[in-house]
Amino acid sequence: VTEDASPDVDPSEDEALSVPTRTLLFGPLGSTDVSSAVVHRLRAAIGLGLLAHGRRLPREADLAAEMGITTFALREALATLRRQGLLVTKAGKYGGSFVVHPPDNDELERAELLSLSSPELRDLGDWRQMLASHAAALAAHRASDSNMVTLRLYADRVRQARTGPEARRAHGRFHLELASAAQSMRLTRAEFAVHEQIDWLFGLALRTKKERVDSARTLSTVVDALEDQDSVTARAAAESYVATLVKRLAQLRLELIASGEPHQVAADGSTLESEVGSIVSRLVTSLAAVASDVAPAMDGGSSFQELRTRVSLTSLQRLEAFPAFVKGAGIVAEVGAVPDHPYWIQWWLKTESGPVEDNHHVMDPEREDFYDYQDMPFIAEPRLTHVPGAYGPYVDYGGVDDYILTITSPILGTGGTFFGVSCADIRVADLESWLAPWLASAAESYLINGQGRMIVSNAVSHGIGDVMTRQDGFHEVEFPVFGWRLLTRATEQRSRTDMLTTEELLRLREVATVLLPGDGVSPPAGSLPALDDLIAAAVTAIGPEVDLVRDGLAALPGQPRWDELREFSSTHPDEFEVISTVVAGAYFMSPTVLDSIGYPHGQRKPVRNDLVVDELETGVLDPVLARTGMVRVSP
Amino acid sequence: VSGGSVDQVVDVLIVGAGPSGSVVAHTLASRGFSVLCLEQADWVDPGDLPGSKPEFELLTRTAWHWEPNVRRRPEDYPLETSEAEAPLSMFGAVGGSSVVFGAHWMRLLPSDFRVRTLDGVAEDWPIGYDDLAPYYDRVDAFIGVSGLGGDPAYPPQDFPMPPHPLGPGGLKMAATMNRLGWHWWPGTQAIPSSSFKNMGQCVRWGVCERGCPAGAKASFDLAYWPHSSAAGTRLVTNARVARITLGSNGHADGAVWLDRDGAEHRVRANAVVLAANGVGTPRLLLMSGDQPNGLANSSGLVGKNLMIHPNRGVIGVYEDDLESWNGPAGQLIYSLEFYETDESRGFARGSKWNLMPIPGVLSALDLYRDLPFEQRWGASAHRLSRGAGRLLCWYSNIDDLPEETNQVTLDPELTDSSGLPAPHIRYRISENTRRSLDFSEQRMTEAHLAAGAVHLALDPLVPSGHLLGTARMGHDPATSVVDPFGRSHDIPNLFIVDGSVMVTGGAMNPTSTITAFALRAAEHLADTAPTMTTMV
């Protein structure tokens, strides 16, 4: 394979490789899948900037010998890297394989982040944190002076980086140096590997100047602690550094989910609390409707066929009314309540092409894989309590690697006879995705079930199913039907601007979510994590007009929705204009929003001086130059 | 800088640190005169300018609004405008309104000085284009103007720096103008296309009219003041002149001014130069001397013949990305196609057009204010927001001819923060001006449609900072306030050097002409100082 252009060497990043790094990079490979190990190692090295753009790799024969692999295996690896656009190979005397750095856009990273489940992200974060903190603790006793110099250099590069990817490379180099300062080859190798697992995403968490400056400050704290040989502080700082990055990724993940598809419901100005409340009541209402529809048929001694038909008709009708994130629903009959069928489940899955009957549960007690649901909580409890309830999250009995919630409503005959439950299954991942716009904009929040186990959260510190112990500083709301509780970290009640009360700012947020619901391109206002700050900045910016805002808010109904705002815009046009200007002003201050519509922000844009020459050389001015007699003789 | 003491005497007292005041200060201080300049406002800290801030568009609606009545800063004086049919803009600062001007740097045409002779309207100036031409050149060279020489609508002229690029919007419209057979020319602007003296290269924030956050515009706090100060001018800020005082010989002998705390100060001067422009200067003259006529007003013309260049804009939204977030704004191109009188149009004189990019997302949304709620908000708002970056506006300055009934007087009730009477503005849009506005609107609309605009919005009357004509110059003391060098006919050591002296306004952005005149007046003052009895 040949390429016409070999990339230009970027000398700023092309530093001589130190002996340990060289050993690490090109040292013998132990892996059995030699070729893919080479790919991983070189890809990480390119991602870290260890191999600069335009750098020529050693000759194949030398490299293969150095790595202790066959030329054949090396060639296979290089071919893979070429396909991935990370190498170009040029023939001829000055040819060879040259490193190509992928362009600094973060689309791949975003896609990867979006594909991670929240437990996966948490798991990676834990692992990353462990590596960094352990390396820091060891380095506190082992680091040399030259390590310190290098560490400071990279911390500084994080600070001075102009883009996320640039900062991420410096971050990677910092940690590689930290591991090497810990004098542990194993740690260094693990550091190297972790780049491909999570570190390459950290560019997303270092996008803004502030993020980079804050992160660089923590890295400096790590180095300070190393100099003091203070392993406790070093460990803590390294840990908090990684925790912050992972937290930003988690936040961004929710934002990406929130902006990925239109979330019309996010437009109504609701909070996380009110949305969970509305989900609970919608589920209870829909399930209760199914239960009361089928109860007479189960009560009236119908034949199995009649019963089945009745249940099918009802359920299929009602399925539409379930929230979109409900993927399966049906009836689970009390054991022995249905003629000829001691165990009976009628179940539908929602699919793109409509409901599909799902018969995967084995109802034959003789079979080994018989689904014996009699004592499962989702039916055993309603049997006793006769009230709706929520069960889970648990890992799906079908063996799918998914957390599932089951919501039930009892089917009761006229005399209070228990005939079973109407029932819906929800994948926790679907619920999380549904709630993403609210999660993204809420303070640290945990939705937990009656047993104190976590269902969804916008924090990465706990995973699904983890037990949450009661914590101070959290505001708690209970949803009694399901026994669910929503814990929200109580934010300081400091007002972001002294021009409006917290209450008034909240009202503006509600207006913003209605007026700017987002579409496929721009995110919903309610999903912007900084919306409250942006609104406060907008209010401050309009200065004296805040009086009009205040008057307008006083005249607005509580929880303004679309129709109410439309009405308000005609009854209070002046107030509406200034209020809508404030919320639109706030929304379009957001870099995320401006990016979504391709509007540049915060940039000096000096122009190429000779551009005007190119423009005029097109001859565009010729017709004007041909004009004569325009200047009137003026005695 | 602290206030002056009672007994200080300077050669020249200048009132106002805007463009004309700073030019006079530099000129006279360089010639060895002791010069004191009193400015009612203060320096604008470039860090306070709104243009580079995320909340930029909101700030321009209040704290950085063009109209002082909306801004409500103590250093501006309010305007009584209930009898003004068009809005005025004004900005108190060292550098004056040039801090927020668009820096369109346009000379008048020769015909502008001879409208009576050529078109039978208003009055001719006592000076002509050729009198000002060398001063135009010298100010251009001093402040670093970027532009392209050779415009066939002008006598030969050239500029120290190359023009700015037209950009995709300018090119699109230029090609359209060619198709229509209409004149256009790359914008001339007092905005450095390369760094110049203490000014940086334009970095295209696109917010020139809100103050350049990059220090890359020849606002006069940057372009002249550092040099004026270096030459020895003493500038006192937050110094609001209450009245010009006369000596026993009937000559001006200084001023009384108030500091921000209301304390009164007295300064004595051998000559006084007023540089407070078309509203501030007549206001000060009317506040001074004997009431009700004020000072230097034997002609009765002080405050009369106010011209403001009523300005209409037609904004086009385009489908293609015109990068309208890129400055300078500034003018991408200008057109003088409709500048001169054409009797068939039903009005005299004409208009100067400039094409400007419009930055900001709220600006895009604003164009649809007339739509019903459903079409402005929800998904519609997101769709409309994508008009940002695709906006071009044609603005036309109208050559409004002088009328004595368009007038600045003192309001009997409204006062500024020092308790001094606010100016009362009477301005009626004349039939001639109205026809010219409507004609321009139609032609600008045609230009947009020919260029492929998909939506048009009208800005019927843009606030105008071109405040002219209220102390006109002339040879005859009965029909003018000052002589052709800005010297008061009544008080020989009192000069007026700002836009007040203009006999007619032309239709060009006037700062180029005002500063050229100020330079000429200052040199005349210096040259004739030995003959002035008050000069020691």
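The rules behind these values
Residues numbered from 1 in each chain as written. Chains lettered and ligands numbered in written order. Predicted model: local features only at pLDDT ≥ 70, side-chain atom pairs only at ≥ 80, totals over all residues. Heavy atoms only, no water. Helix = DSSP H or I, 4+ residues; strand = E, 2+ residues; numbered from the N terminus. Buried < 20%, exposed > 50% of the residue type's maximum accessible area, 1.4 Å probe, protein only. Areas by Shrake-Rupley, 256 points an atom, 1.4 Å probe, with all protein chains shown as cover. Contact = heavy atoms within 4.5 Å. Pairing = 2+ DSSP bridges. Axes fitted to C-alpha atoms, helices over the stretch in contact; angles between N-to-C directions. Buried area = accessible area lost by both parts, 1.4 Å probe. Salt bridge = Lys/Arg side-chain N within 4 Å of Asp/Glu carboxyl O. Polar contact = N/O pair within 3.5 Å; in protein donor to acceptor, adjacent residues only side chain to side chain. Nonpolar A, V, L, I, M, F, W, Y, C, P; charged D, E, K, R; others polar. Parallel < 35°, antiparallel > 145°, perpendicular 65-115°, else oblique. Left-handed = near helix turned anticlockwise from the far one by under 90°. Expected span 1.5 Å × (residues − 1). Arc of directions from axis to C-beta. pLDDT = per-residue confidence, 0-100.

Along the backbone of chain A there are 23 helices and 12 strands. Within the span of chain A, comprising 635 residues, buried residues form 52% of the whole. Carbon and sulfur atoms provide 52% of the accessible area of chain A, an area that totals close to 28,500 Å².

Let us now look at the overall build of chain B. In terms of regular secondary structure, chain B is built from 14 helices and 16 strands. The buried share among the 536 residues of chain B stands at 68%. Restricting the contact set of chain B to residue pairs at least 6 apart, pairs at least 24 apart contribute 74%. Roughly 16,600 Å² of accessible area belongs to chain B as shown, and the carbon and sulfur atoms make up 49% of that amount.

Moving on to the pairing of strand β8 (residues 418–427) of chain A. Residue and element names in this part refer to chain A. Counting buried residues along β8, nine of its 10 residues qualify, which places the element largely inside the surrounding structure. Note that strand β3 (residues 326–333) and β8 share seven bridges and pair antiparallel. Looking at the pairing, Ile-331 lines up with Ser-422 of β8. Across nine bridges, the pairing between strand β7 (residues 403–412) and β8 is antiparallel. By the bridge assignment for β8, Leu-405 is matched with Ile-426. Remark: five residues form the turn of the hairpin made by β7 and β8, two consecutive strands paired antiparallel; Gly-416 in that turn has positive phi of roughly 85°.

Residues and elements named next belong to chain B. Read across the sheet, three strands follow the order β3-β14-β13 without closing on themselves; strand pairing throughout is mixed. Every interior strand has two partners, whereas the edge strands, β3 (80–84) and β13 (407–415), have only one. For this sheet the average axis-to-axis angle between neighbouring strands, irrespective of direction, equals 30°. Sheet topology places β3 next to strand β14 (residues 421–427); three bridges connect them, and they run parallel. Opposite Glu-83, over in β14, you have Arg-426 as the bridge partner. Lying on the sheet, helix α9 (residues 277–287) is in contact with β13 and β14; it crosses β13 at an angle near 70°.

The subject of this paragraph is the interface of chain A and chain B. Contacts between the two partners involve 57 residues from chain A and, on the opposite side, 67 residues from chain B. In this assembly, chain A packs against chain B so that about 5,100 Å² is buried in total across both faces, 66% of it on carbon and sulfur atoms. One can count seven salt bridges joining chain A with chain B. A salt bridge links Arg632(A) to Asp119(B); its shortest N-O distance comes to 2.8 Å. Taken together, the links from chain A to chain B amount to 24 residue pairs in polar contact (both at pLDDT 80 or more). Secondary structure elements with two or more residues in the side of chain A that touches chain B: α16 (502–515), α17 (531–542), α19 (562–571), α20 (573–587), α22 (611–616) and α23 (622–625) of chain A. Among the elements that make up the side of chain A that touches chain B, the one with the highest residue count is α20(A) (seven residues). Residues that form the side of chain A that touches chain B fall into these classes: 35 nonpolar, 12 polar and 10 charged.

As a further point, take the side chain of Asn238(B). All names here are of chain B. Counting through the fold element by element, Asn-238 comes out in the loop between β5 (234–236) and β6 (240–246). Within the local environment of Asn-238, its side chain forms a polar contact with the side chain of Asp-42, the two groups lying 3.1 Å apart. Aside from chain neighbours lying at most four places away, what touches Asn-238 is Glu-39, Gln-40, Ala-41, Asp-42, Trp-257, Leu-258, Asp-259 and Arg-260.

Residue and element names in this part refer to chain A. At a minimum axis separation of 8 Å, α17 and α20 run at an interaxial angle of 130°. Taken together, the axis directions place α17 and α20 in an arrangement best described as oblique. Regarding α17 and α20, the two cross each other, and that crossing is right-handed. Across the interface between the two elements, Leu-534, Ile-535, Ala-538, Val-539 and Ile-542 of α17 pack against Val-578, Val-582 and Ala-586 of α20. Looking at side-chain class alone, the contact of α17 with α20 contains eight nonpolar, no polar and no charged residues.

Residues and elements named next belong to chain A. The N-to-C vectors of helix α2 (residues 34–47) and helix α9 (residues 185–197) enclose an angle of 80°; their axes lie 9 Å apart at closest approach. It follows that α2 is roughly perpendicular to α9 by the angle criterion. Here α2 contributes His-40, Arg-41, Arg-43, Ala-44, Ala-45 and Gly-47 to the contact with α9, which in turn contributes Arg-189, Phe-192, His-195 and Glu-196.

Looking now at the sheet that holds strand β9 (residues 445–448) of chain A. Residue and element names in this part refer to chain A. As summarised here, the arrangement of the four strands in space is β10-β9-β12-β11, forming an open sheet in which the pairing is antiparallel. Here the strands that pair on one side only, and so sit at the sheet edges, are β10 (454–457) and β11 (474–479). Strand-to-strand, the axes of this sheet are offset by a mean angle of 20°, without reference to chain direction. Its contacts with the sheet put helix α12 (residues 272–299) on β9, β11 and β12 (484–489), and the angle it makes with β11 is roughly 15°.

Before going further, it helps to spend a moment on the pairing of strand β8 (residues 264–274) of chain B. Residues and elements named next belong to chain B. The element β8 is largely enclosed, with a buried count of eight among its 11 residues. Across six bridges, the pairing between strand β1 (residues 9–15) and β8 is parallel. Across the sheet, the residue bridging to Val-12 is Ala-271, located in β8. The pairing of strand β7 (residues 252–258) with β8 spans five bridges and is classified as antiparallel. In the sheet register, Trp-257 faces β8, and the bridge partner there is His-265. Hairpin connection of β7 to β8: five residues between the antiparallel strands, including Gly-262 at a positive phi of 90°.

Residue and element names in this part refer to chain A. Here helix α4 (residues 71–83) spans 18 Å end to end across 13 residues, near enough to the 18 Å set by a 1.5 Å rise per residue. Along α4, the residues that are buried comprise Ala-73, Leu-74, Ala-77, Leu-78, Thr-80 and Leu-81. Seen from one end, α4 has its buried residues packed into an arc of 155°, which puts them on one side. The exposed residues of α4 that point more than 90 degrees off its buried face are Phe-72 and Arg-83. The inward-facing, buried residues of α4 abut α2, α3 (60–67), β1 (87–90) and β2 (96–99).

Our next topic: the confidence of the model for chain B. Confidence in the prediction of chain B, expressed as mean pLDDT, is 95, and 99% of residues score 70 or more. Long-range and interchain partners of residues 1–5 of chain B, a stretch whose pLDDT sits below 50, account for 11 contacts in this model, where long-range means more than four residues apart.

Moving on: the environment of Thr244(A). Inspection of the secondary structure puts Thr244(A) in helix α11 (residues 231–260). Separated by 29 residues in the primary sequence, Thr244(A) and Ser215(A) have C-alpha atoms spaced 8.2 Å apart.

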